[in-house]
Structure formats: C-alpha cells, structure tokens
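Tertiary structure, described
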Amino acid sequence: MPQFPRIVVLATGGTIAGGSANPASSARYQAATVPVATLLAAVPALQSVARIEAEQVAQVDSKDMVFAFWSALAARVRHWSGEPDVAGIVVTHGTDTLEETAMFLHLTQACPVPVVLTAAMRPSTSLSADGPLNLLDAVRVAAHPDARGKGVLVVLNQQVHAARDVTKAHTSAVDAFVSPSCGPLGFVQDDLVRIPRVPVRADNAALPAPQQWPEVEIIASYAQPGRVAVDAMVAAGVRGLVVAAAGNGSVHETLVAALKDAAATGVAVVRSSRTGAGHVAIPPVADPVAGVFVSAADLNPYKARVLLLLALAQEPGLAAEPDRLQALFASV
Ligand code: SIN
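The residue numbers shown here count from 1 along each chain, following its written sequence. Under the rules for a predicted model, residues below a pLDDT of 70 receive no local features and side-chain atom pairs below 80 are neither given nor counted, while totals for whole chains, interfaces and linings still include all residues. Computation of side-chain values covers all heavy atoms of the structure but excludes hydrogens and water.

**Comments concerning the overall build of the chain**
Stated formally: Each helix is a run of H or I in the DSSP string that is no shorter than four residues. Each strand is a run of E no shorter than two, and both are numbered from the N terminus. Based on C-alpha atoms, the radius of gyration is set beside the globule rule, defined as 2.2 Å times the residue count to the power 0.38. We call a residue buried when its accessible area falls under 20% of the maximum for its residue type, exposed when it is over 50%, and partly exposed in between, using a 1.4 Å probe and counting protein chains only. Between two residues, a contact is recorded if the distance between any of their heavy atoms is within 4.5 Å. When charges are counted, neither His nor the chain ends are considered; positive counts come from Lys and Arg and negative counts from Asp and Glu. Throughout, a charge is located at the NZ atom of Lys, the CZ atom of Arg, the CG atom of Asp or the CD atom of Glu.
Along the chain, the regular secondary structure elements total eight helices and 14 strands. Taken over the C-alpha trace, the chain has a radius of gyration of 20 Å; the compact-globule value for 332 residues is 20 Å, and the two agree within 12%. For the C-alpha atoms alone, the extent of the chain along its principal axes is close to 65 × 45 × 35 Å. Taken across its 332 residues, the chain has 52% of its residues classed as buried. Taking contacts inside the chain between residues at least 6 apart in sequence as the whole, the part at least 24 apart equals 72%. The average position of the 23 basic charges and that of the 27 acidic charges among the side chains of the chain differ by 2 Å.

**Observations regarding the packing of helix α5 (residues 228-235) against helix α6 (residues 253-264)**
Spelled out, the test is: To get an axis, a line is fitted to the C-alpha atoms, and for a helix only the part in contact is used. The angle between two axes follows their N-to-C directions and goes from 0 to 180 degrees. For classification purposes, an angle smaller than 35 degrees is called roughly parallel, one larger than 145 roughly antiparallel, one from 65 to 115 roughly perpendicular, and anything else oblique. As a working rule, the residues Ala, Val, Leu, Ile, Met, Phe, Trp, Tyr, Cys and Pro are called nonpolar, Asp, Glu, Lys and Arg charged, and the rest polar, with Gly in that last group.
Contact pair α5 / α6: the axes reach a minimum separation of 9 Å and the direction vectors enclose 10°. The orientation of α5 with respect to α6, classified from their angle, is roughly parallel. Contacts between α5 and α6 involve Val230, Asp231 and Val234 from the former and Leu255, Ala258, Leu259 and Ala262 from the latter. Among the residues making up the contact of α5 with α6, the classes are represented as six nonpolar, no polar and one charged.

**Examining α6**
Our working rule: Here the expected span of a helix is defined as 1.5 Å times the quantity of residues minus one.
With twelve residues, α6 ought to run about 16 Å at 1.5 Å a step, and its terminal C-alpha atoms sit 16 Å apart, in line with that. The set of residues buried in α6 consists of Leu255, Val256, Ala258, Leu259 and Ala262. Against the buried residues of α6 lie β11 (216-220), α5, β12 (240-245) and β13 (268-273). Positive backbone phi, approximately 95°, marks Gly266, located one or two places after α6.

**Remarks on unusual backbone geometry**
The phi torsion at Ala32 lies on the positive side, around 60°, for a residue other than glycine. Mapped onto the elements, Ala32 comes out in the loop between β1 (6-13) and α1 (36-41). Using a relative accessible area of 11% as the deciding quantity, one classes Ala32 as buried. The phi angle at Asp190 is positive, at roughly 55°, despite the residue not being glycine. Secondary-structure assignment places Asp190 in the loop between β9 (186-189) and β10 (192-194).

**What to know about the UniProt feature "active site" (unreviewed entry) in the chain**
To keep things clear, this is the line we draw: UniProt positions are given in the numbering used here, feature names are shortened, and annotations may be inferred rather than shown by experiment.
Mapped onto the present numbering, the UniProt feature "active site" (unreviewed entry) falls at Thr15 and Thr95. Across 81 residues, the annotated set stays spatially compact, with a maximum C-alpha separation of 7.3 Å. Within the element layout of this structure, Thr15 appears in the loop between β1 and α1. Examined against the element boundaries, Thr95 turns out to sit in the loop between β3 (86-92) and α3 (98-108). Filtering out sequence-adjacent residues up to four positions away, Thr95 remains in contact with Ser62, Ala119, Ala120, Met121, Lys168 and Phe177.

**Let's talk about the packing of aromatic side chains**
Applicable threshold: Note on aromatic pairs: the rings of Phe, Tyr and Trp (six-membered ring only in Trp) are paired at centre separations within 6.5 Å, and the planes decide the class, stacked below 30 degrees, edge-to-face beyond 60, tilted for the rest.
Tallying each qualifying case throughout the model produces five aromatic pairs. What links up through ring pairs into an aromatic cluster is the set Phe67, Trp70, Phe104 and Trp213.

**Points about the nonpolar core**
To be explicit about the condition: To qualify as a nonpolar core, a set must consist of buried Ala, Val, Leu, Ile, Met, Phe, Trp, Tyr and Cys residues joined through side-chain atoms within 4.5 Å. For every domain, the bounds stem from an assignment made automatically or drawn from a database.
Ranked by internal contacts, the top residues of the largest apolar core, which has 56 residues, are Leu10, Ile89, Leu105, Leu308, Leu325 and Phe329. The leading source of residues in this core is helix α7 (residues 301-314), at eight residues. Three or more residues apiece are contributed to this core by two domains, here domain 1 (6-194) and domain 2 (216-331).

**Digging into the UniProt feature "domain: Asparaginase/glutaminase C-terminal" (unreviewed entry) in the chain**
Residues annotated in UniProt with the feature "domain: Asparaginase/glutaminase C-terminal" (unreviewed entry) correspond here to residues 216-316. The annotated region residues 216-316 carries 34% helix and 19% strand content, and the separation between its end C-alpha atoms amounts to 12 Å.

Written as structure tokens, this is what we have:
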C-alpha cells in the first residue's frame, strides 16, 4: 500500500463551493454553500493522490472578503505548515478576489511547504463544472516536489501561477486566470506536474498579519476626474491611497494636485496602472512627483493595496517615507 502525502485543504467558499438548482446555468447560482466534505467527496480520484484532511475556515462569496477571514486563513496556514508530515496546503477560494488573498498569503507566509490556492468559474452543480479538476490539480501540485520553494501558487485550468503575478482577466471563461507580465510557472496534465519556471519572488517579505488594519483605498485616474473623493478620504483619515493610473503611471493633473496635497499630510500615495500589465516606472529625479509618489512596479492596484496595507500596519511611519516604501515595492 503506497503512503500518499498528507495534504490539508482549507476551504473558504466561492463558486467552487457554489450550488444551483439548474445544472444548465453557470451564471445563476449561490456561491459558498457547499461544505468542503461534499467538494472532496465529489472527487474520488483524490484518494489516489493524497491523504486529505480538511477544514472549513470560511464560507464566503469572495466579493465579501474581510480582513478577519484573511487573518484566520493565515493562522491556519501557519499552523498546518508547521505540522510534521504535512506535505502541502490547498486553499479553495472564490475567483473574484482570489488574487488579493493570494497576494496576502504570498506576503505573510514563509511557505516551508507548498501553499496552493484554487477556485472555479462554474458552480459545483453545473454541467462541466471546473472545480473538481481544479481541486484535484491543486492537490497534485501541493504534493509535488517541483512546487517546493516556489512560494504561494495558484492552480486553475491546468496552469500553475505565482500568487504575486496572477490576476482574473475574464468574467466567465474557465481560462480566466493569467499572469500578464510574465506568464504561468508551469502546468498540470493528469499526473504530470511541471513547474519549470522560478517565480519573480519566491522568497517573500513574510510580513506579519496585522492586528490593526490601516485604511488604504484605491482610486482611478480617467478623463476629467474630480478631487472630491481624494479630499474626502484624506479628511476621513485614510493612511494610504493606490492610484490605478492610466498607462505607465500617468495621473490626471487634477488628481496629481489632490494626491500631492494628500502626501503632504502624511498619506502614502502609490501609483499602479489600470492597463493590466507591465511596470510603472520610477520617475526621474527632476519629475515633480519623484520621491513623493511610490511606483507599484508590476503589481496591479489590488495587489499593490495588499502590500501597502501590510507595510503600513507593520510601520505606520512608512507613509511619510516614500523612499523606503519604494524600496519595499521594488523588493516584493
Ligand atoms: C466568489 O468569488 O466567491 C464568487 C465567484 C467565483 O468564485 O467565481
């Protein structure tokens, strides 16, 4: 009798745990209703890949994700990754904000064993549900030696992505997840797991999960924006603002003025891009926003916000030190 690796599945809800009375509908259903034991029972092939233990950490539609669930998840990942004999951890999640939770785990977990997030675009009760294969593939990856030392991973649609890089890029297609700046790390095809590429950052900052979460918001630059939202947020005590800038960090002059005023009061301002791929350049010294606005590198606005949240939670004074914040964004 082979001794299969011990894998822990932490379930948080999402469409992978969604159910519908109508199997022909992949759009009308209730996310986060099916318990993890039922999801596992629907994939008998798991028994010939791993010894599985499971915990229901949350049961949430991921659009409603809250910091309390992130903290609970981080604590359970840390607990299980320290248990002797646990070979890997799989997290089931909703697709809508998976990239944020993946980034959070990337930044907070040292990953002595593989941590693999997975999800589904179609509910568990639909025709051609993608969840069962995604779950099986995630367990295969978590149990595979190639996944070790690669940081937090995301497995969907037979592809393996780095948590830092992956984003949801389609409303409904099963190949909705892409890593736009550098592509996937590898693939799963039945028993064959190959992860030949090394992630941009496998060794993460291992920042602590916060006790107190600072207020960090996202705003966008577009044609003729007002400054009312920025001014209102600053008046309400926001500690950080991420701008989904146009192109390579371009921000409308009205917003630049508002954001410079915000920065002058000690609010951290980070420029990401709304384009969906590529780096936001650090401006030359002569640029009026050099040393004032921080560049998010190739992190999209949602991932940049997660990093800014954790950075300001750990050291609130960083908001007034753009150069140190810039060094952090360049290193993660
Ligand atoms: C969710 O994000 O929880 C619902 C949508 C999905 O998982 O695809």
